[in-house]
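Summary of the model geometry
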Amino acid sequence: MLFRSPRGAVILNAETCIETGEFPGIGNMPMTNVTFADAERSCEEREARLCTLEEFRLACGGEDRHRFPYGDFFKDYCNVSDGSERGRVRVAGSNARCRSTKRVYDAVGNVGEWVQGGFAVGGDVRTPGQSATCEARGKPPRGFKGYFVGFRCCVNRFE
């Protein structure tokens, strides 16, 4: 068996690695306006796959299943709505404190993320802060794409 951990990914658990930032990665604007099928295809082209809902939740809240990447109580660490103005999507990883114990950035806020099953998770820049949680998810209609939905990939550690 060959151990695989793609560049820009961290070990999530015994079987899986996950990208630390929304695709195309830390320091880049997240790719948005993609359908679920587009996101799946992008991951597959990189010999990866969309993460499962459970993998996303583990990457976001850690083993302790925190409500937010940084703990159980809301803090203004992530790119979410404060209700005063329309937010803008930011470069992946630009909010250094919006990081989970798994070293995954922007799992809540900034852009929602496609995961397996066609769910968009984590909320986005328009989501009120306390609603953008590791458990937040929605199921957009088939073929949906929007400026506030992107993705990140997971890869099996051993092939």
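Before reading further, recall that the structure is shown in the block above.
Described below are features of the structure shown in this document. (Residues numbered from 1 in each chain as written. Predicted model: local features only at pLDDT ≥ 70, side-chain atom pairs only at ≥ 80, totals over all residues. Heavy atoms only, no water.)

The next subject is the overall build of the chain. From N to C terminus, the chain includes two helices and eight strands. Computed over the C-alpha atoms, the radius of gyration of the chain is 14 Å, within 12% of the 15 Å expected from 2.2 N^0.38 for a compact globule of 159 residues. In the chain, buried positions account for 53% of the 159 residues. Looking at the chain alone, contacts between residues at least 24 apart form 67% of all its contacts between residues at least 6 apart. Accessible area for the chain stands at about 8,200 Å²; split by element, carbon and sulfur atoms hold 48% of it. Put simply, the chain has 23 plus and 21 minus side-chain charges, and the middle of one group is 2 Å from the middle of the other. (Helix = DSSP H or I, 4+ residues; strand = E, 2+ residues; numbered from the N terminus. Rg over C-alpha atoms; globule rule 2.2 N^0.38 Å. Buried < 20%, exposed > 50% of the residue type's maximum accessible area, 1.4 Å probe, protein only. Contact = heavy atoms within 4.5 Å. Areas by Shrake-Rupley, 256 points an atom, 1.4 Å probe, with all protein chains shown as cover. Lys, Arg positive; Asp, Glu negative; His and termini not counted. Charge placed at Lys NZ, Arg CZ, Asp CG, Glu CD.)

Further remarks concern the nonpolar core. Ile18, Phe56, Cys60, Cys78, Val104 and Val108 are the most contacted members of the largest nonpolar core, which has 22 residues in total. For this core, the element with the highest residue contribution is helix α2 (residues 53-61), accounting for five residues. When near neighbours in sequence (up to four residues on either side) are disregarded, Phe56 contacts Ala107, Glu113, Val115, Val121, Gly122 and Cys134. Counting residues in each nonpolar core, the second largest holds 14 residues, with Cys43, Phe151, Cys153 and Val155 among its members. (Core = buried A, V, L, I, M, F, W, Y, C linked by side-chain atoms within 4.5 Å.)

Sheet architecture is open: four strands sit in the order β1-β2-β8-β3, paired in antiparallel fashion. One side of each edge strand has no neighbouring strand; the edge strands of this open sheet are β1 (9-11) and β3 (49-50). In this structure, β1 lies alongside strand β2 (residues 16-19), joined through three bridges in antiparallel fashion. Bridged to Val10 within β2 is Ile18. (Pairing = 2+ DSSP bridges.)

All right, on to the packing of aromatic side chains then. Using the criterion set out here, one finds six aromatic pairs in the structure. Here Phe36 and Trp114 contribute two aromatic rings whose centre-to-centre distance is 5.8 Å and whose plane-to-plane angle is 70°, an arrangement assigned as edge-to-face. Placement of the pair is Phe36 in helix α1 (residues 36-45) and Trp114 in strand β4 (residues 112-115), with a sequence separation of 78 residues. Between Phe68 and Phe74, the ring centres sit 5.8 Å apart and the planes meet at 65°, which makes this aromatic pair edge-to-face. Grouped by ring-pair contacts, the aromatic residues Phe68, Tyr70, Phe74 and Tyr77 constitute a single cluster. (Phe/Tyr/Trp six-rings, centres within 6.5 Å; stacked < 30°, edge-to-face > 60°.)

Further remarks concern the environment of Asn79. For Asn79, the location among the structural elements is in the loop between α2 and β4. Accessibility expressed as a relative area gives 5% for Asn79, which makes it buried. C-alpha separation for the pair Asn79 and Phe148, spaced 69 residues apart in sequence, amounts to 12 Å. Excluding anything up to four places from it in sequence, Asn79 contacts Arg88, Val89, Arg90, Asn95, Gly109, Asn110, Asp124 and Val125.

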